[in-house]
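Chains, contacts and geometry: an overview
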Amino acid sequence: MLASTALIICVLTTPAFAYLIRRHLLRPGSEPLVFMLACIFAYFTLLFSIPIRRAEIEQAAAAYDVADTSPQAETARRRISNDTGLTLAPITGLAIIPFWCVIVYAFMGTVHWVGALVVRKPRSGEPIDEPKSRSRRF
């Protein structure tokens with residue numbers, strides 16, 4: 001359970017790390033390449049997490065006997081039979097991963113833009129506002 005959860009978290013955070021790497025380490029103009037690499041890395045991480053998740057589900061179901069009719073055993077068997085999400089993950093991942101990357105890039109770009117407005121550097125020729133010091137009386 002821990003391995004597949006870690007891989008899904010990796011899929012969800014890959015665009016944010018790619019944005020930060022592009023923004024701070026790479027030259028301007030590398031945006032499309034970094035975006036595509038982030039999408040490809042996230043997609044293959046998703047594909048890699050599918051067999052791991054299947055193995056975890058089958059391991060949980062194998063812990064119960066075939067004749068066991070407890071609610072936990074029924075739930076474990078139902079999870080194996082209702083495997084449509086894992087089966088369709090490669091297909092839906094092709095559409096969802098780029099969409100997720102666009103959302104994360106837009107959010108991070110907006111945060112960067114707002115941060116640049118709040119902490120604006122003075123343009124050339126503008127006077128620099130010195131912070132006003134408070135005089136202390138003793």
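Okay, so let's go over this structure. (Residues numbered from 1 in each chain as written. Predicted model: local features only at pLDDT ≥ 70, side-chain atom pairs only at ≥ 80, totals over all residues. Heavy atoms only, no water.)

With that out of the way, let us pick up the packing of aromatic side chains. All chains considered together, the criterion is met by three aromatic pairs. Taken together, a centroid distance of 5.4 Å and an interplanar angle of 85° make the contact between tyrosine 19 and tyrosine 105 edge-to-face. Here the residue tyrosine 19 occupies a position in helix α1 (residues 2–25), and tyrosine 105 occupies one in helix α4 (residues 84–118), the gap between them amounting to 86 residues. There is no split in this pair, since tyrosine 19 and tyrosine 105 are both buried. A centroid spacing of 5.8 Å and a plane angle of 65° characterise the contact between tyrosine 43 and phenylalanine 44, whose relative ring orientation is edge-to-face. For tyrosine 43, a relative accessible area of 16% translates into the label buried. Residue class for phenylalanine 44 comes out exposed when judged on its relative accessible area of 52%. The rings of Tyr19, Phe35 and Tyr105 are connected pair by pair, giving a single aromatic cluster. (Phe/Tyr/Trp six-rings, centres within 6.5 Å; stacked < 30°, edge-to-face > 60°. Helix = DSSP H or I, 4+ residues; strand = E, 2+ residues; numbered from the N terminus. Buried < 20%, exposed > 50% of the residue type's maximum accessible area, 1.4 Å probe, protein only.)

In this section: the environment of leucine 47. Residue position: leucine 47 is located in helix α2 (residues 31–62). Note on leucine 47: relative accessible area 25%, which makes it partly exposed. The spacing of leucine 47 and leucine 7 is 40 residues in sequence and 9.8 Å in space, taken between C-alpha atoms.

With that out of the way, let us pick up the environment of valine 11. When you line up the elements, valine 11 lands in helix α1. Each C-alpha atom, one on valine 11 and one on cysteine 101, is 9.8 Å from the other, the two residues being 90 residues apart in sequence. Setting aside residues no more than four positions away along its own chain, valine 11 makes contact with Ala42, Thr45, Leu46, Ile97 and Trp100. (Contact = heavy atoms within 4.5 Å.)

When two helices pack together, their arrangement is given by the angle between their axes and by how far apart the axes lie. Where α1 contacts α4, the axes come no closer than 9 Å and their chain directions differ by 45°. Classified by the interaxial angle, the pair formed by α1 and α4 is oblique. In the crossing of α1 with α4, the sense of the turn from one axis to the other is right-handed. Where α1 approaches α4, its residues Val11, Leu12, Pro15, Ala16, Ala18, Tyr19, Leu20, Arg22 and Arg23 are matched on the opposing element by Ile97, Trp100, Cys101, Val104, Tyr105, Met108, Gly109 and His112. By residue class, the composition of the contact of α1 with α4 is 13 nonpolar, two polar and two charged. (Axes fitted to C-alpha atoms, helices over the stretch in contact; angles between N-to-C directions. Parallel < 35°, antiparallel > 145°, perpendicular 65-115°, else oblique. Left-handed = near helix turned anticlockwise from the far one by under 90°. Nonpolar A, V, L, I, M, F, W, Y, C, P; charged D, E, K, R; others polar.)

Spatial relationships are all this shows, so hold off on functional conclusions.
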